Amino acid sequence: MPLRLDWGLFQQAVSSITNDAALKKKFDAIKKLLEKNITVRDFRAYIAEHSTLLSELSNVALFREKIWKSYFKKHESQFNGLLNEYDNVKTKRKQIEDAARKEQTQWEQAIALFNDRFSVPFTLVPKNKVDVALRNEAVLDLGYSFHDDDDSVAVEKETLMKTLSQGERKALYILSIIFEIEVRRSAGQETLFVVDDIADSFDYKNKYAIIQYLSEISEGPVFKQIILTHNFDFFRTVESRFVGYDNCLMATKSKKDVTLYKSFSSQNIFIKVWKPQFFADGRKRISCIPFMRNLIEYTRGSRDADYSILTSLLHWKSDSSTITESKLDDIYKRLFPTITGNYSNPGALVIDLIMLEAGACVQAQAGANFENKIVLAIAIRLTAEQFMVKKIADAAFVGAIKRNQTTALLKKFKNDHSGEIDAIKILNGVVLMTPENIHLNAFMYEPILDMSDDHLRHLYTDVAALK
């Protein structure tokens, strides 16, 4: 039987508890809640008119369920229609997702190309492929699988980056470039790419991988490239693979300007330039000395007599000031028996030619000046060592030096002449700057082209002033 609220009886009950302080306090709290705001007051009024709801409120969850069921029952046809539509959309969504899983997106093409071309200790895996295909997410989320021999493990990017070398991290950056290129290639979008030292820090395998990729994109009509690099080996490889000699330029920067000029002898400068002009061009003749010494070391060993003579033209020895041009010619002909010819002044001293050409190099125009750097570096070292040998004045000590002569002399000089601060500063520069400009590192001469010759000109002037 429905329960009806008798407000008079309710007021009488309230009056009966007013004399009980504890009950009155609790009642006042309840009353305050019931009159807290207009919504609660409306709810109280509604309950007063529909007292049958009070029993339902003892289980709010069940009451909510009954209400929803009543809504569904009242709108049963619309609800059934919604269910049918949901089932249809669910089936279509599954079909779309299945197709998306099979679809190779441009990102995946870029990832596949990256995994195939670049040598890194990880493999990239797309994680949210379906959402990207459905346009639910704009950016592909990559997973990383680190591998070592036959073992592999999934890792987070932050953890992976801590284990990679600088070159490997840069290779990962290349992925975004590949993606951008592939998008533009698919769209046939004409693009000029400025590629600046892209292979810096790469090992040779990855360096050649990016060169091959740049070569491939150059074959189409829509892409043009300006490739900048400090890496001479990269420069030579790009020139030989796809750019061509006529399109290769070198740049030098002075205090006043930057000069561009056509590449010179990017392929085997010793064979194509120095060797044919050995007897005619003094500067190229001097530049051949360290290269010839390398060849003799490789073919005959460092105890060979010709090796010792050439060493005396790179370090100040007891016989450095007596070696004639005819001796240098003889060494050259023994190294290359089919070559004929002689220097124009066979009785002249090689040391005099070195100093003469070094003075001319100081006055030369700005440029890459490959031979100039070698000549200046040789002259700087010989002059500096001659100065230290004279100051040290200990022939036995000097004669006992077997290797790293400049460093050994400087150490002795610092010990014996510690007060000559300015000279020591200049001589430290000799040790620091000349080796890479003299020793061509077994046919590799990249370091010597990476630097201007301005610093060598200044250093030669400073060293010459020590005398």
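So, how was this worked out
Residues numbered from 1 in each chain as written. Predicted model: local features only at pLDDT ≥ 70, side-chain atom pairs only at ≥ 80, totals over all residues. Heavy atoms only, no water. Helix = DSSP H or I, 4+ residues; strand = E, 2+ residues; numbered from the N terminus. Buried < 20%, exposed > 50% of the residue type's maximum accessible area, 1.4 Å probe, protein only. Areas by Shrake-Rupley, 256 points an atom, 1.4 Å probe, with all protein chains shown as cover. Polar contact = N/O pair within 3.5 Å; in protein donor to acceptor, adjacent residues only side chain to side chain. Contact = heavy atoms within 4.5 Å. Right-handed = clockwise from strand over helix to strand, strands pointing away. Expected span 1.5 Å × (residues − 1). Axes fitted to C-alpha atoms, helices over the stretch in contact; angles between N-to-C directions. Parallel < 35°, antiparallel > 145°, perpendicular 65-115°, else oblique. Left-handed = near helix turned anticlockwise from the far one by under 90°. Nonpolar A, V, L, I, M, F, W, Y, C, P; charged D, E, K, R; others polar.

Q: Even after reading the chapter, I still don't get the overall build of the chain, so can you show me in this structure?
A: Within the chain, the secondary structure is distributed over 24 helices and seven strands. Relative to its 467 residues, the chain shows a buried fraction of 37%. Carbon and sulfur atoms make up 54% of the accessible area of the chain, which amounts to about 28,200 Å² in all.

Q: I tried to follow the side chain of Asp-306 on my own but got confused; where do I start?
A: Within the secondary structure, Asp-306 sits in helix α15 (residues 305-311). Given the relative accessible area of 4%, Asp-306 is considered buried. A polar contact of 3.0 Å, which involves the side chain of Asp-306, links it to the side chain of Arg-300. Setting aside chain neighbours within four positions, we find Asp-306 in contact with Ile-296, Arg-300, Ile-331 and Arg-334.

Q: It is not clear to me how the pairing of strand β4 (residues 191-196) should be interpreted in this structure. Could you clarify?
A: On any regular strand, side chains alternate: one points to one face of the sheet, the next to the other face. Taking every second residue as pointing to the same face, the buried face of β4 carries Thr-191, Phe-193 and Val-195, while none of Leu-192, Val-194 and Asp-196 on the other face is buried. As for the winding sense of the linkage, the β-α-β connection from β4 through helix α11 (residues 204-218) to strand β5 (residues 223-228) is right-handed.

Q: Where do I start with helix α12 (residues 232-243) in this structure?
A: Each α-helix winds once per 3.6 residues, and so residues spaced three or four apart point in a common direction. Compared with the 16 Å implied by 1.5 Å per residue over twelve residues, the 14 Å span of α12 between its first and last C-alpha is markedly short. Restricting attention to buried positions, one finds in α12 the residues Phe-232, Asp-233, Phe-234, Phe-235, Arg-236, Thr-237, Val-238 and Glu-239.

Q: How do you make sense of the side chain of Lys-284 when you look at a structure like this?
A: Within the fold, Lys-284 resides in helix α14 (residues 282-299). Judged by relative accessible area, Lys-284 falls into the buried class, the value being 13%. With near-sequence residues (within four places) excluded, Lys-284 lies in contact with Val-273, Trp-274, Gln-277 and Glu-371.

Q: What am I meant to see in the packing of helix α17 (residues 350-363) against helix α24 (residues 454-466) here?
A: For any two helices packed against each other, the geometry is given by the interaxial angle and the distance between the axes. Packing of α17 against α24 brings their axes to within 9 Å, and their N-to-C directions diverge by 130°. As summarised for this structure, α17 and α24 are arranged oblique, according to the angle between their axes. Handedness of the crossing formed by α17 with α24: left-handed. Counting all contacts with α17, which are made through Met-355, Ala-358, Gly-359, Cys-361, Val-362 and Gln-363, the residues of α24 involved are Arg-457, Tyr-460 and Thr-461. Class assignment for the residues of the contact of α17 with α24 results in five nonpolar, three polar and one charged.

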